[in-house]
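Chain by chain, the residues run as shown.
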Amino acid sequence: NRVILINSYLLIYKKIYVLHMKLLVRIFISLFFLTSTVNAAEFGLAFEWGNLKSCTNGYPNKVDNPIFTLTNVPEGTKILQFRMKDKQSPYNHGGGKVEYTGQTNIEPGAFKYQSPCPPNGKHTYVWTVTAKNEKKKKIGKAKAQKKYPE
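Before going further, it helps to examine the overall build of the protein. Summing up its helical and strand segments, the protein has one helix and nine strands in all. Taken from N to C terminus, the helices and strands of the protein fall in the order α-β-β-β-β-β-β-β-β-β. Across the 150 residues in the protein, those meeting the buried criterion constitute 32%. Sequence-distant contacts in the protein: of pairs separated by 6 or more residues, those separated by 24 or more amount to 66%. Working note: accessible area of the protein is about 10,600 Å², and carbon and sulfur atoms make up 57% of it.

Moving on, we come to the pattern of salt bridges. Throughout the structure, instances matching the rule amount to three salt bridges. The partner of Lys-112 in a salt bridge is Asp-64, with the nearest N and O atoms 2.7 Å apart. With a gap of 48 residues between them, Lys-112 in strand S7 (residues 112–114) and Asp-64 in strand S2 (residues 62–64) connect regions that are remote in the sequence. Owing to a relative accessible area of 46%, Lys-112 belongs among the partly exposed residues under this scheme. Beyond isolated ion pairs, a larger network of salt bridges with shared partners links Glu-48, Lys-146 and Glu-150.

The sheet built from three strands is open, its strands ordered S1-S3-S6 with antiparallel pairing. The open sheet has two edge strands, strand S1 (44–48) and strand S6 (105–106), and neither has a second partner. Of the pairings in the sheet, the one linking S1 to strand S3 (residues 67–71) comprises five bridges and is antiparallel in character. Residue pairing in the sheet places Leu-45 in a bridge with Leu-70 of S3.

The next subject is the packing of aromatic side chains. The final tally for this structure, using the stated rule, is 10 aromatic pairs. Considering the side-chain rings of Trp-49 and Tyr-148, the 5.7 Å spacing of their centres and the 75° angle between planes classify their relative orientation as edge-to-face. Residue Trp-49 is located in the loop between S1 and S2, and its partner Tyr-148 is located in strand S9 (residues 138–148); the two are separated by 99 residues in the primary sequence. With respect to class, Trp-49 is no different from Tyr-148; both count as buried. Members of the aromatic cluster, each reached through a chain of ring pairs, are Phe-47, Trp-49, Phe-68, Phe-82, Phe-111, Tyr-113, Tyr-125, Trp-127 and Tyr-148. Directly above the ring of Phe-47 sits Lys-146, whose terminal nitrogen or CZ lies 5.7 Å from the centroid.

The rules we used
Residues numbered from 1 in each chain as written. Predicted model: local features only at pLDDT ≥ 70, side-chain atom pairs only at ≥ 80, totals over all residues. Heavy atoms only, no water. Helix = DSSP H or I, 4+ residues; strand = E, 2+ residues; numbered from the N terminus. Buried < 20%, exposed > 50% of the residue type's maximum accessible area, 1.4 Å probe, protein only. Contact = heavy atoms within 4.5 Å. Areas by Shrake-Rupley, 256 points an atom, 1.4 Å probe, with all protein chains shown as cover. Salt bridge = Lys/Arg side-chain N within 4 Å of Asp/Glu carboxyl O. Pairing = 2+ DSSP bridges. Phe/Tyr/Trp six-rings, centres within 6.5 Å; stacked < 30°, edge-to-face > 60°. Lys NZ or Arg CZ within 6 Å of the ring centre and 35° of its normal.

Geometry only, nothing functional implied.
This is the structure in structure tokens:
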């Protein structure tokens, strides 16, 4: 009888142990994915046109860059390459490069580009910023868009 009782206790203990181990594994997996998500936050871009001279005749002006706000810039970024495109027109508005030193804002005057200047109503403009490392390899990309005129 004692042997059967001991075996029953051992069997119950083993089941409890296995359940606890499965629970611990689930907790560790959840924590891993939670921290991975936090560490891999999405590279973000926002912009404001700022004091942009009004232009609606289809002939863009050469102007200073807008005010850019950056979030979660990839680690190892050395250069930020900016480019603006008009979603309603194939016109190349250009952009510029900025050395990245940890700043979260890029103020006007960092580079020049061809301003938005839709000839017929509002157009949607998309700024793309590409983060590059010291070897000039692309390590991240972010986009933001706005209509002009607003």
